[in-house]
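Chains, contacts and geometry: an overview
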Amino acid sequence: MILVADCSALIALSVCDSLSLLEHLFDSVVVPETVYNEATRPNKKEAQALKAFLQGKVRQVDLQTYVFLDAFADAGETEAMLLYKQISADKLLIDDRRGRKVAKINHISAIGSLGVLLAAKEKGFITEVSPLLRQIENSDIHLSQQLIATVLELAGESPHGK
């Protein structure tokens, strides 16, 4: 399975030291150049970890391909969707709710960073989602309490730990 990744979800997985889960769950992880540049900008949190993780995973995007966009699409998620189409990827890693809606319009199968954590638990790569969720929650990444509760319920974990 091929995964094309957008920046925000990569940062969330990096914050909880879970980038390696992507390599356990997918045969190939790739990003467009724009996402790589955005993720590894010197002032960006997690830039060094992402630079190391994304070595050899950067792909050129054929800008002749098209996807339907809205007025708010940023260059990284646009190129990620184009790359998904270009290489016939299996999943797009994207956390932005609006971006996920745009992906759906384009018949792009999306998964978020929390979906990756759930899949990793289901496959036995991790035993608990809650400690990783707490790390993300303690960063500057916003997760709604409703989303956290839903993910913990899906993981079969208590909201207050085991």
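Some details on unusual backbone geometry
Its identity is not glycine, yet Asp-17 carries a phi of approximately 55°, on the positive side. Mapped onto the elements of the fold, Asp-17 is located in the loop between helix 1 (7-15) and helix 2 (20-25). Note on Asp-17: relative accessible area 69%, which makes it exposed. Residues other than glycine seldom take positive phi values, yet His-107 does so here, at roughly 60°.

Focus on helix 5 (residues 75-87)
Taking 1.5 Å of rise per residue, the 13 residues of helix 5 would be expected to cover 18 Å, and the 18 Å separating its terminal C-alpha atoms lies within 8% of that figure. Turning to helix 5, its buried residues are Gly-76, Glu-77, Thr-78, Glu-79, Ala-80, Met-81, Leu-82, Leu-83 and Tyr-84. Buried residues belonging to helix 5 abut strand 1 (2-5), strand 2 (28-32), helix 3 (33-39), strand 3 (58-59), strand 4 (91-93) and helix 6 (97-105).

Quick notes on the confidence of the model for the chain
Averaged over all residues, the pLDDT of the chain equals 89, while 91% of them reach at least 70. Mean pLDDT across the elements of the chain ranges from a minimum in helix 6, with 87, to a maximum in strand 4, with 97.

Concerning the nonpolar core
Formed by 39 residues in total, the largest nonpolar core has its most connected members in Leu-10, Leu-22, Leu-93 and Leu-117. The greatest single-element share of this core, amounting to six residues, is contributed by helix 1. Setting aside anything within four residues of it in sequence, one finds Leu-93 in contact with Leu-3, Val-4, Ala-5, Asp-6, Ala-9, Leu-10, Leu-13, Leu-22, Ile-111, Gly-112, Ser-113 and Val-116. Core analysis: the second largest hydrophobic core is formed by 14 residues, Val-4, Leu-83, Leu-92 and Val-102 among them.

A few points about the pairing of strand 1
The pairing of strand 1 with strand 2 spans three bridges and is parallel. If you follow Ile-2 over to strand 2, its bridge partner there is Ser-28. Where strand 1 lies against strand 4, three bridges are found, and the strand directions are parallel. Bridge pairing in strand 4 places Leu-3 opposite Lys-91.

Observations concerning the pairing of strand 2
Strand 2 sits mainly inside the fold: four of its five residues count as buried. For strand 2 and strand 3, the ladder comprises two bridges, and the chain directions are parallel. Paired with Val-31 across the two strands is Val-58, which belongs to strand 3.

About the cut-offs
Residues numbered from 1 in each chain as written. Predicted model: local features only at pLDDT ≥ 70, side-chain atom pairs only at ≥ 80, totals over all residues. Heavy atoms only, no water. Helix = DSSP H or I, 4+ residues; strand = E, 2+ residues; numbered from the N terminus. Buried < 20%, exposed > 50% of the residue type's maximum accessible area, 1.4 Å probe, protein only. Expected span 1.5 Å × (residues − 1). Contact = heavy atoms within 4.5 Å. pLDDT = per-residue confidence, 0-100. Core = buried A, V, L, I, M, F, W, Y, C linked by side-chain atoms within 4.5 Å. Pairing = 2+ DSSP bridges.

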